[in-house]
Amino acid sequence: MNCELAHERIVLSAYGELSDEFQHELDRHLAACTECSEERQQLLALKTLAAVHPVIEPDANLVARSRLRLEEALDSLPPRRWYERFGQSIVNNFSSLQAAPVAACLLLVVGAGAGTLGGYEFAEGRAAHVAGRAQAAEAATAQTAQQNHAQTVAANPAEVANISSIVRQPNSDMIEVHYNQVVPQRIQGSLDDPAIRQLLMLASENSSAGVRDDSVGLLAAECRAGHSCKGEGMRDALIVALRYDKNEGVREKALQGLEPYVSEDMRVRDAVLEALLYDTDPRIRTEAISILQPVEADTSVRQVLSSVATSDHNPHIRTVSREVLNRAPVIQ
Amino acid sequence: MDGPDRAQERLQARAPEMELIREAQAGSRVAFDALVKQYEQQVLRLALHLTGSEHDAEDIYQEAFLKAFRYIGNFRFECSFYTWIYRIVTNLCLDQLRRRKTRREDQAVVLDHSGDEIDVLSSVSDNRSFSNPAKELDRKVLGERIQAALSKLTPRERMVFELKHYQGLRLRTIGEMLNTTEETAKNTLFRATKKLRTQLAGLR
């Protein structure tokens, strides 16, 4: 122990603030160090001197006077208002929280956790709400789009990639056409629906044999029934089908659909005559002959029938043609 | 007796006081008056010894208890009420000592208990070669010399020496009262004793 430390410990020792262990060390040092021993004597002398200026107990008069003055001062203080007490209680509560750091930390952690969870839930709920609204809006849009689809399809027929199927609901005039766009879609409506008709006409050109058969069959039935078969391209679609479709069933249906218009529409008549002359299927040719009967007076019809009756390689066709020609007495 | 038992005993002893404090916090004047009665002697004793003036001691008493009344709601039982009230009193005393220090920069005067100022140094002999103070100076003059020496200390040194030497408080408690550490209080006490010894060297 050096003397500087010893001087400090002498003070502590004199005032009873030194631990037993350090006291023992100090005693050993003092026994060996004259200077520090002298220091200790001086400090003890100081203590003795300081005792000459003793602490005096305040006399009763001073106490009474002070208390009286204090009571007067306290009495003159305005009573604390309710909001002051309330504010004080809040401050105290907050202070208690500060005084309990563990509880404060715990509360903070719990609060942060709850806040995060709540925020997450809220955000999720909000997202779901927004998504729900978006879905509802989408559904409404889809409905509107379905209603307006005729215009869409009419305006952009190229958007229809192909027609996958056409179904007619039993005992109903409702037709269901499955067609593909970039995103496959479905549309449902009656045969009178322009959008449905548009799709049926597209189907008659582009789809598989089955779809063509369905579409042409429906278009033909519509035309035979006399339902607005003019001006919307339906008749043209049937003519094209009759001329170019590779499937005889489709061609046959197209022919049947065109039947009502043979007498009035030159283009239809020409198509039927072509079918009679060039179609590969005898059934279609035979049927074409029967269809042409009402207009046998037409010279072009008669010429074709005569030609067929004389030179066709199919005996049945020849026979039928001849019969038809024979049934017409007036030949122009 | 082991530590926890002693702490329990202390708590039990302080229970009535804690009840009084709670009532005072709730606004009870009766409870506050009881607390004042409990501590007024100690407050006056400390203030009187530190300032050496009854008038100042009375002022400090008044101001300390008014502050205690106003801010008792802030007392949070983290320390004893004794430490809390002493903290208020020591702060007021320190303010008083600082004011006085400034005022007496050029003169060594103290107040006696009747409030009159006296020049201590002028009453002390310059001859410091005497070896027996009891024979050369009467007790009163010696006391005044000591007072003069004490007044040379900084207010903080004066306060620590007062609380340790005259009031007999532990250094840890002194640290709490002065809002500082036990180590700082110890160093302050060391400096104070060194200065006093220098001041009073001739009186041995």
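Refer to the structure printed above.
Thresholds, definitions, all that
Residues numbered from 1 in each chain as written. Chains lettered and ligands numbered in written order. Predicted model: local features only at pLDDT ≥ 70, side-chain atom pairs only at ≥ 80, totals over all residues. Heavy atoms only, no water. Salt bridge = Lys/Arg side-chain N within 4 Å of Asp/Glu carboxyl O. Helix = DSSP H or I, 4+ residues; strand = E, 2+ residues; numbered from the N terminus. Buried < 20%, exposed > 50% of the residue type's maximum accessible area, 1.4 Å probe, protein only. Disulfide = S-S within 2.5 Å. Expected span 1.5 Å × (residues − 1). Arc of directions from axis to C-beta. Contact = heavy atoms within 4.5 Å. Buried area = accessible area lost by both parts, 1.4 Å probe. Pairing = 2+ DSSP bridges. Axes fitted to C-alpha atoms, helices over the stretch in contact; angles between N-to-C directions. Core = buried A, V, L, I, M, F, W, Y, C linked by side-chain atoms within 4.5 Å. Polar contact = N/O pair within 3.5 Å; in protein donor to acceptor, adjacent residues only side chain to side chain. Phe/Tyr/Trp six-rings, centres within 6.5 Å; stacked < 30°, edge-to-face > 60°. Lys NZ or Arg CZ within 6 Å of the ring centre and 35° of its normal.

S.K.: Break down the pattern of salt bridges for me, citing the residues and quoting the values.
M.R.: Within this structure, the stated rule accounts for 32 salt bridges over all chains. Here arginine 98 of chain B makes a salt bridge to aspartate 95 of chain B, at a shortest N to O gap of 3.5 Å. Taken as a pair, arginine 98 of chain B and aspartate 95 of chain B lie in helix 4 (residues 81-103) at a separation of 3 residues, close to a single helical turn. On the basis of relative accessible area, arginine 98 of chain B is assigned to the partly exposed category, the value being 38%. Between arginine 158 of chain B and glutamate 162 of chain B there is a salt bridge, and its shortest N-O distance comes to 3.0 Å. Of this pair, arginine 158 of chain B and glutamate 162 of chain B both sit in helix 7 (residues 155-166), 4 residues apart, roughly one helical turn. By sharing partners, the salt bridges in this structure join Arg65 and Arg69 of chain A together with Glu54, Glu58 and Asp59 of chain B into a single network.

S.K.: Tell me about the state of the cysteines, and please be specific about residues and values.
M.R.: All names here are of chain A. For the coordinates displayed, the defined rule picks out 0 disulfides over all chains. Cysteine cysteine 3 shares no disulfide, and the gap to the nearest cysteine sulfur, in cysteine 36, comes to 3.5 Å. On the accessibility criterion, cysteine 3 (27% relative accessible area) is partly exposed. Owing to a relative accessible area of 0%, cysteine 36 belongs among the buried residues under this scheme.

S.K.: Describe in detail helix 3 (residues 34-50) of chain A, supporting the description with residues and values.
M.R.: In this model, helix 3 of chain A (17 residues) spans 24 Å end to end at C-alpha, consistent with the 24 Å of a helix rising 1.5 Å per residue. Along helix 3 of chain A, the residues that are buried comprise Cys36, Glu39, Leu43, Leu46, Leu49 and Ala50 of chain A. Looking straight down helix 3 of chain A, one finds its buried side chains confined to an arc of 130 degrees; they lie on one side. Seen from the open side of helix 3 of chain A, the exposed residues pointing more than 90 degrees away from its buried face are Thr34 and Thr48 of chain A. The secondary structure elements touched by the buried residues of helix 3 of chain A are helix 1 (3-14) and helix 2 (20-32) of chain A together with helix 6 (139-151), helix 7 and helix 9 (182-199) of chain B.

S.K.: Please set out the interface of chain B and chain A residue by residue, giving values where relevant.
M.R.: Taken together, the 51 residues of chain B in the interface contact 43 residues of chain A. Taken together, both faces of the contact between chain B and chain A bury some 4600 Å²; the carbon and sulfur share is 60%. Between chain B and chain A we count 10 salt bridges in total. One salt bridge in this structure joins lysine 164 of chain B and glutamate 17 of chain A, with 2.7 Å as the shortest N-O distance. Among the elements of the structure, helix 2 (29-51), helix 3 (54-71), helix 6, helix 7 and helix 9 of chain B are those that each provide at least two residues to the side of chain B that touches chain A. If one sorts the elements of the side of chain B that touches chain A by residue count, helix 2 of chain B sits on top with 11 residues.

S.K.: Give a description of the sheet that holds strand 2 (residues 174-180) of chain A that names residues and reports values.
M.R.: All names here are of chain A. Ordered in space as 1-2-3, the 3 strands form an open sheet in which the pairing is antiparallel. Looking at strand neighbours, the two that pair on one side only are strand 1 (162-168) and strand 3 (185-190), the edges of this open sheet. Ignoring strand direction, the axes of neighbouring strands in this sheet form an average angle of 20 degrees. By the bridge criterion, 6 bridges tie strand 1 to strand 2 in an arrangement that is antiparallel. Its bridge partner lying in strand 2, arginine 168 is registered against isoleucine 175. Of the strands in this sheet, strand 1 and strand 2 touch helix 9 (residues 209-224), which is tilted by about 55 degrees from strand 1.

S.K.: Pulling in residues and values, what's your account of unusual backbone geometry?
M.R.: Residue and element names in this part refer to chain B. At phenylalanine 77, a position not held by glycine, the phi torsion is positive, near 60 degrees. A positive phi is found at asparagine 179, a non-glycine position, where the angle reads about 55 degrees. Considering the arrangement of structural elements, one finds asparagine 179 in the loop between helix 8 (171-177) and helix 9. What makes asparagine 179 exposed here is its relative accessible area of 59%.

S.K.: Provide a residue-level description of the nonpolar core, including the pertinent values.
M.R.: Counting residues in each nonpolar core, the largest one holds 75 residues, and the members touching the most others are Phe81 and Phe161 of chain B. A total of 11 residues in this core trace back to one element, the largest contributor, which is helix 2 of chain B. For phenylalanine 81 of chain B, the residues in contact, after removing those within four places along its chain, are Glu17, Ile21, Leu35, Tyr39, Ile72 and Phe75 of chain B. In this structure, Leu199, Val216, Tyr261 and Val262 of chain A belong to the second largest nonpolar core, which totals 55 residues.

S.K.: Provide a residue-level description of the side chain of glutamate 252 of chain A, including the pertinent values.
M.R.: All names here are of chain A. Locating glutamate 252 in the fold gives a position in helix 11 (residues 248-258). A polar side-chain atom of glutamate 252 sits 2.9 Å from a polar atom in the side chain of arginine 283. If we skip the residues at most four places from it in the chain, glutamate 252 touches Arg283, Ile284 and Glu287.

S.K.: So what about the packing of aromatic side chains? Which residues, and what values?
M.R.: Applying the stated rule across the entire model yields 10 aromatic pairs over all chains. The interplanar angle of 35 degrees and the centroid separation of 6.4 Å between the aromatic rings of tyrosine 39 of chain B and tyrosine 82 of chain B together place this pair among those described as tilted. Of the two residues, tyrosine 39 of chain B sits in helix 2 while tyrosine 82 of chain B sits in helix 4, which places them 43 residues apart along the sequence. Classification of tyrosine 39 of chain B as buried rests on a relative accessible area of 6%. Among the aromatic side chains, those forming a connected cluster through ring pairs are Tyr39, Phe75, Phe77, Phe81, Tyr82, Trp84 and Tyr86 of chain B. Its end group placed over the ring of tyrosine 15 of chain A, lysine 47 of chain A keeps NZ or CZ at 4.6 Å from the ring centre. When the ring centre of phenylalanine 77 of chain B is taken as reference, the NZ or CZ atom of arginine 22 of chain B above it lies at 4.8 Å.

S.K.: Tell me what's going on with the side chain of arginine 269 of chain A, and back it up with residues and numbers.
M.R.: Positionally, arginine 269 of chain A belongs in helix 12 (residues 266-278). In this view, arginine 269 of chain A contacts Val262, Ser263, Glu264, Leu292, Val295, Asp298 and Val301 of chain A; residues no more than four positions away in its chain are not counted.

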